[in-house]
Amino acid sequence: MARITLRQLLDHAAEHSYGVPAFNINNMEQGLAILEAADAVDAPVIIQASRGARAYANDIVLKGLIDSLCEMYPHIPICMHQDHGNNEATCATAIQHGFTSVMMDGSLEADGKTPAPYDYNVRVTKAVVDMAHWVGASVEGELGVLGSLETGMGEKEDGHGFEGKLGHDQLLTDPGQAVDFVKATQVDALAIAMGTSHGAYKFTRRPDGDVLAMHVIEEIHQRLPNTHLVMHGSSSVPQDLQDVINRHGGQMPQTWGVPVEEIQRGIKHGVRKINIDTDNRMAMTGAIRKVFAENPGEFDPRKYLKPAMDAMRTVCRQRFEEFGTAGWAGKITPIPLSAMARRYASGELAAKIGITRQAAE
Ligand SMILES: [Zn+2]
């Protein structure tokens, strides 16, 4: 079995200066598409499931699906990650069902929509870190609330996301507070807010530094050179995928995502995990719309799900190549959870604080 923890995978990515896309999963077609792409380019993978995905697919089915993918592709390290855990119980039950990594998103309260006080975030994240590290699983925390710097609004993803309008002080992670947060919680990876948002409608124009604050990543990496940074809402929303949907009866208003070059710039500054869901959703939807538009009489699900898988596989493969993930799977030997637990207990994996980038080099 080739399950790997997020911590081990991102430590490897940091050592070799690459990033790993984290693709969301809800069903078998998406799982197969991700692994076929990974297998084609020898890339390690992060598969993540939101609370919505767990409810949709059922924990038992998801567990069986991941077990099957591990069995089919024993040479590909697979990290199974909980996306946007809202409380301790969500994270604990994820680990119970074979997840090797969880995100405790304490930037919002347990309702998944109310921006939470900093102290709450530290407390709940630390509780999950303690629990997860006892069994060797990894934890991603979040500091700052994800939302658009253009509008001050968030976009709900599977029911998760704030309501109303926030100021830039909450929508941009404070680098000084990030240091304090990592020290206090000992998270393995840190999601930061810098203008990306969930869904397809991230920007109303090609983003510049005013609405996509890459400088925040650089400042945080300067102060926390050993912390793995995570970019959420980082689909690129490619024009060709919008066009396929709209040419075949779709009605998506023109929109812009996060350009791949900006993500590549992030990878140079400590970004190791890049969350991508919308691009894959769009690829599948465009392919399905095309089949229906061209063959209105078609009613065999395989006839449209197969092209959907092909389209998603193409996107996944592109990201593995663009982020430098390709070629590394065969060079990683996954460390079991029990051994990771011993590494945490020994203090070997404690967060390294107080080393600036210059001093570390
Ligand atoms: Zn997210």
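This text goes with the structure placed above it.
Now for a description of the structure that goes with this document.

About the cut-offs
Residues numbered from 1 in each chain as written. Predicted model: local features only at pLDDT ≥ 70, side-chain atom pairs only at ≥ 80, totals over all residues. Heavy atoms only, no water. Axes fitted to C-alpha atoms, helices over the stretch in contact; angles between N-to-C directions. Helix = DSSP H or I, 4+ residues; strand = E, 2+ residues; numbered from the N terminus. Left-handed = near helix turned anticlockwise from the far one by under 90°. Contact = heavy atoms within 4.5 Å. Nonpolar A, V, L, I, M, F, W, Y, C, P; charged D, E, K, R; others polar. 1 Å grid on protein atoms, 1.4 Å probe; cavity = no way out; pocket = protein on both sides within 12 Å on 5 of 7 lines; lining within 4 Å. Points joined across faces, edges and corners; volume = space filled by probe spheres on them. Phe/Tyr/Trp six-rings, centres within 6.5 Å; stacked < 30°, edge-to-face > 60°. Lys NZ or Arg CZ within 6 Å of the ring centre and 35° of its normal. Donors = N, O, S within 2.8 Å, 3.2 Å for Na, K, Ca; no water. Buried < 20%, exposed > 50% of the residue type's maximum accessible area, 1.4 Å probe, protein only. Disulfide = S-S within 2.5 Å. Core = buried A, V, L, I, M, F, W, Y, C linked by side-chain atoms within 4.5 Å.

**Considering the packing of helix α6 (residues 118–134) against helix α8 (residues 175–185)**
And step 1. Interhelical geometry of α6 versus α8 gives an angle of 35 degrees and a closest axis separation of 9 Å. At the point where α6 passes α8, the crossing takes the right-handed sense. The residues of α8 that touch α6, namely those facing Y118, N121, V122, T125, K126 and V129, are Q177, D180, F181, A184 and T185.
And step 2. Its residues assigned to classes, the contact of α6 with α8 comprises 5 nonpolar, 4 polar and 2 charged.

**Digging into the layout of surface pockets**
Rolled over the atoms, a probe sized like a water molecule indicates the empty space that remains.
And step 1. When its volume is computed, the second largest pocket comes out at roughly 260 Å³.
And step 2. Surrounding the second largest pocket, 19 residues form its lining, D240, L241, A283, A311 and V315 being those nearest its centre.
And step 3. Going through the elements one at a time, α10 (239–247), α12 (278–294) and α13 (301–322) are the ones with two or more residues in the lining of the second largest pocket.
And step 4. Residue composition of the lining of the second largest pocket, grouped by class: 11 nonpolar, 4 polar and 4 charged.

**Some words on the packing of aromatic side chains**
And step 1. Taken as a whole and assessed by the stated rule, the structure comprises 4 aromatic pairs.
And step 2. The aromatic ring of F99 is capped on one face by R54, whose charged end is 5.6 Å from the ring centroid.

**Quick notes on the coordination of the zinc ion**
Reference values for coordination geometry: four tetrahedral donors around a metal ideally subtend 109.5 degrees, six octahedral donors ideally subtend 90 or 180 degrees.
And step 1. Coordination of the zinc ion by the protein involves H84 (NE2), H198 (NE2) and H232 (ND1), with metal-donor separations of 2.0 to 2.1 Å.
And step 2. Positions of the donor residues of the zinc ion, expressed as sequence spacing, correspond to H-x113-H-x33-H. Here H84 is found in strand β3 (residues 78–85), whereas its partner H198 is found in the loop between β6 (189–192) and α9 (214–223), with 114 residues between them in sequence.
And step 3. Judged by its relative accessible area of 5%, H84 falls in the buried class.
And step 4. Residue classification places H198 among the buried residues on the basis of a relative accessible area of 7%.

**Thoughts on the state of the cysteines**
And step 1. By the definition in use, this model includes 0 disulfides.
And step 2. Of the cysteine sulfurs around C70, a residue in no disulfide, the closest is that of C79, at 10 Å.
And step 3. Judged by its relative accessible area of 1%, C70 falls in the buried class.
And step 4. The cysteine C316 is free of any disulfide, with C79 supplying the nearest cysteine sulfur at 15 Å.
And step 5. Residue class for C316 comes out buried when judged on its relative accessible area of 0%.

**With respect to the nonpolar core**
And step 1. Within the largest apolar cluster, 83 residues are counted, with the highest numbers of intra-cluster contacts made by L35, V45, I47, M194 and F320.
And step 2. By residue number, the principal contributor to this core is helix α2 (residues 28–41), which donates 7 residues.
And step 3. Once residues within four sequence positions are removed from consideration, I47 is found in contact with F23, I25, I34, L35, I66, L69, I78, C79, M80 and H81.
And step 4. Judged by nonpolar contacts, the second largest core, of 16 residues, contains L9, A13, I46 and W328.

**Description of the side chain of T227**
And step 1. Mapped onto the elements, T227 comes out in the loop between α9 and β7 (228–231).
And step 2. Ignoring anything within four residues of it in the chain, the contact list for T227 reads V182, L190 and G270.

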